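Breakdown of the fold
This is what each chain is made of:
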2 protein chains.
Amino acid sequence: MSAVLPLCAAAKAAAPAMARASAAQRNAALEAMAAALEAAQASVLAANEKDVGAARAGGTSTAMIDRLTLTPQRMTAISDALRELVTAKDPVGEVVRGFALPNGLQVRQIRVPLGVIAMVYEGRPNVTVDAAGLAVKSGNACVLRGSSSAIHSNTALAGVLREALSGCGLPADGVCLIEDTSRESVKELTRARGLIDLLIPRGGAGLIQSVVADSQVPVVETGVGNCHVYVDRAADLDMAEAIILNAKVQRPSVCNAAETLLVHRAVAEAFLPRVAEELRQAGVELVGDTAAQQLAGAGPATDADWDTEFLDLRLSVRVVDDIDQAIGHIAQHGTLHTEAIVTEDRSAARRFVTDVDAAAVMVNASTRFTDGGEFGFGAEIGISTQKLHARGPMGLQELTTTKYVVEGDGQVRE
Amino acid sequence: MSAVLPLCAAAKAAAPAMARASAAQRNAALEAMAAALEAAQASVLAANEKDVGAARAGGTSTAMIDRLTLTPQRMTAISDALRELVTAKDPVGEVVRGFALPNGLQVRQIRVPLGVIAMVYEGRPNVTVDAAGLAVKSGNACVLRGSSSAIHSNTALAGVLREALSGCGLPADGVCLIEDTSRESVKELTRARGLIDLLIPRGGAGLIQSVVADSQVPVVETGVGNCHVYVDRAADLDMAEAIILNAKVQRPSVCNAAETLLVHRAVAEAFLPRVAEELRQAGVELVGDTAAQQLAGAGPATDADWDTEFLDLRLSVRVVDDIDQAIGHIAQHGTLHTEAIVTEDRSAARRFVTDVDAAAVMVNASTRFTDGGEFGFGAEIGISTQKLHARGPMGLQELTTTKYVVEGDGQVRE
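This structure is a prediction, so every number in the text was calculated from the model and none was measured.

1. As for the overall build of chain A
Counting its regular elements, chain A contains 14 helices and 16 strands. Projected onto its principal axes, the C-alpha coordinates of chain A cover approximately 70 × 70 × 40 Å. Sequence separation of at least 24 residues holds for 72% of the intrachain contacts in chain A that already meet a minimum separation of 6. Averaging the coordinates of the 37 positive side-chain charges in chain A and doing the same for the 50 negative ones gives two points 5 Å apart.

The structure is reproduced here in structure tokens:
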């Protein structure tokens, strides 16, 4: 038996002190965390070098090694992100609604911290600090379980953050790192009922599915985005070209990048050859149905392609008979993340917006805009693709719950 | 294999039509459901008689038989409740927030139906109609699984409601009843991943725990209330007496009734003998710690008593040394439902409100006020005791999710 449950219990024991801390104390802790990371830069970078060395030795791809690597510049960016949280709007204590009852009772619904937030994530060590910062700002304790590839970096970072918390009079266990990076440790997290108030898996579809299937603690699913761009018969084709290029190419490795292009048959002949050329020049490999193979020179798409979040310079293309078929395709293959229509037809736009079930629906805009930063929410802990509690970019507010406070002078029920 | 998954699939297929229906159509459906129940009263009452007869033959308690029994008056109340929903504020389409981004994109976060709501409940057949009404009003399809004791009543009621939906041009499968009342059918519901958007168990602690432990679909826990009333050293003792009597006695079988009385040692001698007398006159059996046994003539409380939601005229009583011990007791034994303090001390009240983790915290008011009707929310589908998505009384708003709609004229990300 590993140390996961005792760690969760330690975080739970720390949660009341984190929740009781005033906004000034929590902001001071964020400042202290930022300063401590700057002071500890050398030791963190040394720890990171161990991870990078091991990744190199293990033949990890250059892209993955880049994601893993910390530099003085990146360390500065990490501290800056903590300081940006200081100025972010405090979610704790907000009165969501308030009213008086006929009998004189005063009711306020107040935003309060959730308690203990656990997060399972892959790859980049900056997520350790980002997640800890969001937890501290929102008055929560956190339990973090990063990947084995970043274990030395994460351990060094968490150590610095814990010491900074202590230095501010907050419990070090406000930030707990699970150093056991076995699969078993994730499973134990999903079983920590009564100790964890919210578990956020952030990573590939496999990780997320296994957490959701197993979990006995409340989970918010994030991030799997099989996003579609539908080019309607009434689309401005120049706009459509710019949007699909941006949605596919600007940053293909992220969840709000497009994976499938759906084109109305009426404009397929005019649109597909030209956009295929542009996409190919940008390095995109196309697969598609028969019509797309003919018009776009795409390779044949397999059944699995329509359900795959490529996260890469690869795009599946389908020609549809009408908007109904496009909406049907999205209902069958989408992941409730972001879906876009390009059209000048008001009624088609209205139809798409109403009938497509997703966290975000774009009309004449790139799928890439589904993002807490772009929406002006500040830092985000992920993009929820579920319907309960949070949908779309999750910021500080989504890391809270509410409590009704009812004040009276002796009221009883008739 | 029972028909649970096909039924869930049927509800899912009906969900888009339910969601697309205008508020006028959904309200017309509620009116039609109410009228159809009135027209079908004789056949529903005949079906109910079968359930009541079986319950009598099975030696069911008088109280349970009363809960099960439908009468013409109760049928009228059921129809009236549907008609009240017509005038309730429509949750669908509300713009929760909206803003423009610097690049001109217009963002609106819009309230939309969840899709398919499943509910598992015990006892009373009116819940079938109440749940179906809330689902229809909020644009959702529903899958209902009531208890075996009410199966004839529920089948008759659901049949009437389904026909009324069809008559309004909405899919009958907007309301699906699971006629298989085996435990296995609940288990299958918890496995209906991708078909159910929200599963609400409403009933005893055993039912709720088994659903939560098993579930692979999103669940909101409702209703287990081991509620405490803490009488502070600075309490107005007359007020305290009125509140604990109301909280315990006014309707002991419900989740917001009090189960434990905590009394500050400084006022125990003045308070306990008098309140014990009043409680006993109201038929309440007292169990307690040594001090409560001496001062209130209580029987000895077992360890289990402090964790038990009696739902009956039984109260556990403990004398605590201070407010910290009261808060600690609640943290250990409470179920995050409703906790009350009686005090004239402003700082004690503030402390209790901040440090007690519960859906509702009462100051100088009965625990019985945690209720959608009392809060002015109209009908409620249950009282959530979890922190995610909904906390406290769940009304129509809590049966929805949101969707971001982003409209532009060709914006792409830099």
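2. Examining the sheet that holds strand β5 (residues 175-177) of chain B
All names here are of chain B. Here we have four strands laid out as an open sheet, ordered β5-β4-β3-β6, and parallel in their pairing. The two strands at the open ends of the sheet, each matched to only one other strand, are β5 and β6 (198-202). Neighbour to neighbour, the strand axes of the sheet diverge by 15° on average, direction disregarded. The pairing of strand β4 (residues 141-145) with β5 spans three bridges and is parallel. Considered in β5, the bridge of Val-143 is made with Cys-176.

3. Concerning the confidence of the model for chain A
Per-residue confidence for chain A gives a mean pLDDT of 95, with 100% of residues at or over 70. For this predicted complex, the interface confidence reaches an ipTM of 0.92, while the overall pTM sits at 0.91.

4. What to know about the relation of the copies chain B and chain A
Note: a rotation about an axis with an accompanying shift along it relates these two copies of the chain. Of the transformation superimposing chain B on chain A, the axial component is 0.0 Å and the angular component is 180°, with the fit at an RMSD of 0.1 Å. Such a turn and shift between the copies fits a two-fold axis. Considering only C-alpha atoms, the residue of chain B closest to the rotation axis is His-389 of chain B, which sits at 1.8 Å. Here 100% of the contact residues of chain B are again contact residues in chain A; the copies associate through an equivalent surface.

5. Focus on the sheet that holds strand β6 (residues 198-202) of chain A
Residue and element names in this part refer to chain A. Pairing is parallel across the open sheet formed by four strands, whose spatial order is β5-β4-β3-β6. Because the sheet does not close on itself, it has two edges, and the strands there are β5 (175-177) and β6. Here the strands of the sheet are splayed against their neighbours by 15° on average, with no regard to which way each runs. Most of the contacts of helix α7 (residues 151-167) go to β5, to which it runs at about 155°, and overall it touches β3 (116-121) and β5.

6. Details of helix α6 (residues 126-137) of chain A
Here α6 of chain A contains 12 residues, and its C-alpha end-to-end distance of 17 Å stays within 8% of the 16 Å for a straight helix at 1.5 Å per residue. All of the buried residues in α6 of chain A are Val-127, Thr-128, Val-129, Ala-131, Ala-132, Gly-133, Leu-134, Ala-135, Val-136 and Lys-137 of chain A.

7. Overview of the environment of Ile-381 of chain B
Residue and element names in this part refer to chain B. Along the chain, the position of Ile-381 falls in the loop between β13 (360-365) and β14 (382-384). With 159 residues separating them in the primary sequence, Ile-381 and Thr-222 have C-alpha atoms 9.0 Å apart. Excluding its chain neighbours within four sequence positions, the residues that come into contact with Ile-381 are Met-119, Ala-131, Leu-134, Ile-200, Arg-202, Met-394 and Leu-399.

8. Observations regarding empty space enclosed by the protein
Residue and element names in this part refer to chain A. For the structure shown, the criterion picks out one cavity of 30 Å³ or more. Each pocket or cavity is described by its volume, and for the largest cavity that value is around 40 Å³. If you go around the largest cavity, the residues you meet are Ile-117, Ala-118, Met-119, Ala-131, Ala-135, Cys-142, Leu-144, Ile-381 and Leu-399. Contributing elements (two or more residues each) for the lining of the largest cavity: β3, α6 and β4 (141-145). Sorting elements by how many residues they give to the lining of the largest cavity places β3 first, with three residues.

Scoring rules and cut-offs
- Residues numbered from 1 in each chain as written.
- Chains lettered and ligands numbered in written order.
- Predicted model: local features only at pLDDT ≥ 70, side-chain atom pairs only at ≥ 80, totals over all residues.
- Heavy atoms only, no water.
- Helix = DSSP H or I, 4+ residues; strand = E, 2+ residues; numbered from the N terminus.
- Contact = heavy atoms within 4.5 Å.
- Lys, Arg positive; Asp, Glu negative; His and termini not counted.
- Charge placed at Lys NZ, Arg CZ, Asp CG, Glu CD.
- Pairing = 2+ DSSP bridges.
- Axes fitted to C-alpha atoms, helices over the stretch in contact; angles between N-to-C directions.
- pLDDT = per-residue confidence, 0-100.
- Least-squares fit on C-alpha atoms with pLDDT ≥ 70 in both.
- Expected span 1.5 Å × (residues − 1).
- Buried < 20%, exposed > 50% of the residue type's maximum accessible area, 1.4 Å probe, protein only.
- 1 Å grid on protein atoms, 1.4 Å probe; cavity = no way out; pocket = protein on both sides within 12 Å on 5 of 7 lines; lining within 4 Å.
- Points joined across faces, edges and corners; volume = space filled by probe spheres on them.

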